[in-house]
Amino acid sequence: MTRLGDLERAVMDVLWDTVPSTSDGVTVREVADALAGRELAYTTVMTVLDRLAGKGMVERQREGRAWRYRAAASREAHIAQLMLDALDLGGSRDAALVRFARSVTGTEAEVLRAALAAEATGGAPGGQGTARPGDTGGGQAGGGHAGPGTLTDRIERPTSGRVTRPPADEAADR
């Protein structure tokens, strides 16, 4: 999945923030109006939406002579896919996951623990699905995630409100 440029992100934010997933979407004009503070030409917004459609980030449906656009996936699904893509950049997925787990706040660690526990038992916290984009359900050999609960064992419970981050010299390794 490619990262979004500044203008693409602004357009996606409009779609994510203002268009319910059940709606028919919005027109180029409506997106341009929502981005009025940026003083963008209608054709610029139309080009960005067309490129986002080409990338699979937005879905569009013809309505008369115009198109209606909506996000193809939620903001959360997009961010999760970016995180998974980052894990595939090389090196040890396990080491990257452990380093990430040690850098989150205590509250974020609790959210992760709850999600992993729900995944291990086949449930879903908060009534939301736990499927990951691109997950085939396979183990490490298939490029998927580690088995249920394996990361849970590595996440240390924070003793304060924030888990200690790695020293600055280790941060350069990221």
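About the criteria used
- Residues numbered from 1 in each chain as written.
- Predicted model: local features only at pLDDT ≥ 70, side-chain atom pairs only at ≥ 80, totals over all residues.
- Heavy atoms only, no water.
- Helix = DSSP H or I, 4+ residues; strand = E, 2+ residues; numbered from the N terminus.
- Buried < 20%, exposed > 50% of the residue type's maximum accessible area, 1.4 Å probe, protein only.
- Contact = heavy atoms within 4.5 Å.
- Areas by Shrake-Rupley, 256 points an atom, 1.4 Å probe, with all protein chains shown as cover.
- Salt bridge = Lys/Arg side-chain N within 4 Å of Asp/Glu carboxyl O.
- Axes fitted to C-alpha atoms, helices over the stretch in contact; angles between N-to-C directions.
- Parallel < 35°, antiparallel > 145°, perpendicular 65-115°, else oblique.
- Nonpolar A, V, L, I, M, F, W, Y, C, P; charged D, E, K, R; others polar.
- Expected span 1.5 Å × (residues − 1).
- pLDDT = per-residue confidence, 0-100.
- Patch = residues over 30% accessible without salt bridge, like charges linked within 9 Å, V, L, I, M, F, W, Y side chains within 5 Å.

S.K.: Would you explain the overall build of the protein in this entry?
M.R.: Helix and strand counts for the protein stand at 7 helices and 2 strands. Taken over 174 residues, the protein has a buried fraction of 26%. Here the contacts in the protein between residues at least 6 apart in sequence split such that 62% fall between residues at least 24 apart. When the accessible surface of the protein is totalled, it reaches about 11000 Å², and 52% of it is carbon and sulfur.

S.K.: Any chance you could explain the pattern of salt bridges here in plain terms?
M.R.: A side chain with one charge may pair with a side chain of the opposite charge, provided their charged atoms come close. Going through the model one piece at a time under the given rule, you end up with 11 salt bridges. Residue Arg 70 is joined to Glu 59 by a salt bridge in which the shortest nitrogen-to-oxygen separation is 3.0 Å. Taken together, the residues span a long stretch of sequence, with Arg 70 in strand β2 (residues 66-71) and Glu 59 in strand β1 (residues 58-63) at a distance of 11 residues. Given a relative accessible area of 34%, Glu 59 falls into the partly exposed group. In the salt-bridge network here, residues are joined through shared partners; they are Arg 9, Asp 13, Asp 17 and Arg 75.

S.K.: Is there a simple way to think about the packing of helix α4 (residues 75-87) against helix α5 (residues 93-103) in this case?
M.R.: Relative orientation and spacing of two packed helices are given, respectively, by the angle between their axes and the distance between those axes. Look at α4 against α5: their axes get within 9 Å of each other, and the N-to-C directions meet at 130°. Taken together, the axes of α4 and α5 are oblique relative to one another. Where α4 abuts α5, its residues Met 83, Leu 84 and Leu 87 lie against Arg 93, Ala 96, Leu 97 and Phe 100. Of the residues belonging to the contact of α4 with α5, the class tally is 6 nonpolar, no polar and 1 charged.

S.K.: In this structure, what is going on with α4? I would like to understand it.
M.R.: One turn of an α-helix holds 3.6 residues; hence residues three or four places apart share an orientation. For α4, spanning 13 residues, the distance from its first C-alpha to its last is 19 Å, which sits close to the expected 18 Å at 1.5 Å a residue. Along α4, the residues that are buried comprise His 78, Gln 81, Leu 84 and Leu 87.

S.K.: I'm lost on the confidence of the model for the protein in this one. Help?
M.R.: Close inspection of predicted coordinates is inappropriate for parts of the model with low pLDDT. Of all residues in the protein, 68% attain a pLDDT of 70 or more, and the chain-wide mean is 75. The weakest mean pLDDT in the protein belongs to helix α7 (residues 168-171) at 42; the strongest belongs to helix α3 (residues 42-54) at 95. Overall, residues 127-174 carries pLDDT values under 50, and its contacts beyond four positions in sequence, including any with other chains, amount to 63 contacts.

S.K.: How do you make sense of a nonpolar patch on the surface when you look at a structure like this?
M.R.: Judged by side-chain polarity, Ile 79, Met 83 and Phe 100 come together as a nonpolar surface patch covering roughly 250 Å² of accessible area. Its location among the elements puts Met 83 in helix α4. Relative accessible area serves as the criterion here: at 41%, Met 83 is assigned to the partly exposed category.

S.K.: Can you walk me through the side chain of Thr 27 in this structure?
M.R.: Structurally, Thr 27 is set in the loop between α1 (6-18) and α2 (28-34). The contacts of Thr 27, once residues within four sequence positions are left out, are Trp 67 and Arg 68.

S.K.: I would appreciate a short explanation of the environment of Ala 53 in the present structure.
M.R.: Relative to the elements of secondary structure, Ala 53 occurs in helix α3. For the pair formed by Ala 53 and Ala 72, sequence separation is 19 residues and the distance between their alpha carbons is 8.7 Å. Other than its neighbours up to four places away in sequence, Ala 53 contacts Val 58 and Arg 60.

S.K.: Could you clarify how one ought to interpret the packing of α1 against α3 in this entry?
M.R.: The N-to-C vectors of α1 and α3 enclose an angle of 85°; their axes lie 10 Å apart at closest approach. Here α3 runs roughly perpendicular to α1, going by the angle between their axes. Contact with α1, carried on its side by Leu 7, Glu 8, Val 11, Met 12 and Leu 15, involves Thr 44, Val 48, Leu 49 and Leu 52 of α3 and no other residues of that element. Residue composition of the contact of α1 with α3, grouped by class: 7 nonpolar, 1 polar and 1 charged.

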